[in-house]
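The residues making up each chain are set out below.
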Amino acid sequence: MMRRLGILLSGRGSNFEAIADHIDRNELDAQIAVVISNVSQAPGLEKARQRGLEATFIGSKGLPREEFDRRLVASLEERQVDLVCLAGFMRLLSPYFIKSFPHRILNIHPSLLPSFPGLNAQRQALEYGVKYTGCTVHFVDESLDSGPIILQAVVPVLDTDTEETLSARILAEEHKIYSKAIRLVLDNQIRVDGRHVVEVAANPGH
Ligand code: GRF
């Protein structure tokens, strides 16, 4: 049964922690096989170690993108990871990486894609003046924040919001929908049909 997660992060790691909390509370039947960061001082790495999880730094400095990605893939394969979860991982993945885990890489983004891809999505939403924004869990393809969408949550933008207050309200939803999306994928409860991710009946074998 495929249940081993590999988490890639570059920073704080609150989405990683939310996933680990869901697992600890038996709300997500999976295990975190490894947490990998391209930033040696990423707080998320330290949080992973404190939880007794394997946490690894793989440096990207001076390496061509594909060479770095080959190291990442080798590390993930060595731990027999079934599903790769990007959780604030600030690098674009190469075609080599994407092909190594077909429909087995998820990302979370703090906007309602396809609005506001890229950096500072919450600030982009505030500056644009939208009344609602939110977060998106999607499969990762070779472009930035562009793969088929698994789940989204809507968050209202208040007149009084700052980037910080809006980000915090979105983050609370990120922490809920990421584990929910992982569960849908692990339980084979979704089917990908082009850009469309369709929910199907639960597979009784899982
Ligand atoms: C989150 O807002 C996530 O949506 C984006 O990067 C941020 C990571 O936060 N991709 P954290 O490291 O999980 O706390």
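Residues numbered from 1 in each chain as written. Predicted model: local features only at pLDDT ≥ 70, side-chain atom pairs only at ≥ 80, totals over all residues. Heavy atoms only, no water.

Considerations on the overall build of the chain
Looking only at helices and strands, one finds 6 helices and 9 strands in the chain. Over its C-alpha atoms the chain spans a radius of gyration of 17 Å, differing by no more than 12% from the 17 Å that the globule rule assigns to 206 residues. For the chain, the C-alpha atoms occupy an extent of roughly 50 × 45 × 35 Å along the three principal directions. Put simply, the chain has 206 residues, and 48% of those count as buried. Here the contacts in the chain between residues at least 6 apart in sequence split such that 63% fall between residues at least 24 apart. For the chain, the accessible area works out to roughly 10200 Å², and carbon and sulfur atoms hold 50% of it. Charge centroids of the chain, computed over 23 positive and 26 negative side chains, lie 1 Å from each other. (Helix = DSSP H or I, 4+ residues; strand = E, 2+ residues; numbered from the N terminus. Rg over C-alpha atoms; globule rule 2.2 N^0.38 Å. Buried < 20%, exposed > 50% of the residue type's maximum accessible area, 1.4 Å probe, protein only. Contact = heavy atoms within 4.5 Å. Areas by Shrake-Rupley, 256 points an atom, 1.4 Å probe, with all protein chains shown as cover. Lys, Arg positive; Asp, Glu negative; His and termini not counted. Charge placed at Lys NZ, Arg CZ, Asp CG, Glu CD.)

Section: the site of the ligand
Taken together, the residues surrounding the ligand are Arg12, Gly13, Ser14, Asn15, Gly88, Ile108, His109, Pro110 and Glu174. Here Arg12 contributes a side-chain N or O atom positioned 2.5 Å from an oxygen atom of the ligand. Side-chain polar atom of Glu174 to an oxygen atom of the ligand: 2.7 Å apart, as the coordinates give it. Protein chains shield 86% of the accessible area of the ligand, which is 370 Å² for the free molecule. Secondary-structure elements contributing two or more residues to the shell around the ligand are α1 (14–24) and β5 (105–109). Counted by class, the shell around the ligand contains 2 nonpolar, 5 polar and 2 charged residues. For the shell around the ligand, the two domains that each supply at least three residues are domain 1 (1–102) and domain 2 (107–206). (Near = heavy atom within 4 Å. Polar contact = N/O pair within 3.5 Å; in protein donor to acceptor, adjacent residues only side chain to side chain. Nonpolar A, V, L, I, M, F, W, Y, C, P; charged D, E, K, R; others polar. Domains from an automatic or database assignment.)

Brief notes about the domain arrangement of the chain
The assigned domain composition of the chain is domain 1 (1–102) and domain 2 (107–206). On a C-alpha basis, the centres of domain 1 and domain 2 stand 19 Å from each other. Counting residues at the interface gives 24 residues for domain 1, matched by 19 residues for domain 2. Of the roughly 1900 Å² buried between domain 1 and domain 2, counting both surfaces, carbon and sulfur atoms make up 65%. Three residues, Arg3, Asn15 and Leu86, lead the burial of domain 1 against domain 2; their summed loss comes to 25% of the area buried on that side. Linking domain 1 with domain 2 are 2 salt bridges. One salt bridge in this structure joins Asp187 and Arg3, with 2.6 Å as the shortest N-O distance. (Buried area = accessible area lost by both parts, 1.4 Å probe. Salt bridge = Lys/Arg side-chain N within 4 Å of Asp/Glu carboxyl O.)

Comments concerning the pattern of salt bridges
As a working rule, side chains carrying opposite charge can pair if their charged atoms are close by. One pass over the full model with this rule turns up 14 salt bridges. A salt bridge links Arg51 to Glu17, with the shortest nitrogen-to-oxygen separation between them at 3.9 Å. Pair noted here: Arg51 is in the loop between α2 (43–50) and β3 (55–57) and Glu17 is in helix α1, with a separation of 34 residues, a long-range link. The shortest N-O distance in the salt bridge between Arg79 and Glu54 comes to 2.2 Å.

With respect to the nonpolar core
Leu5, Ile150 and Ile182 are the most contacted members of the largest nonpolar core, which has 38 residues in total. Of all the elements, helix α6 (residues 163–186) adds the most residues to this core, at 9 residues. Setting aside residues no more than four positions away along its own chain, Leu5 makes contact with Ile19, Ile23, Ala30, Gln31, Ile32, Ala33, Val34, Val81, Leu83, Cys85, Ile182 and Leu186. Leu72, Val81, Phe97 and Ile105 belong to the second-largest nonpolar core, a separate cluster that totals 19 residues. (Core = buried A, V, L, I, M, F, W, Y, C linked by side-chain atoms within 4.5 Å.)

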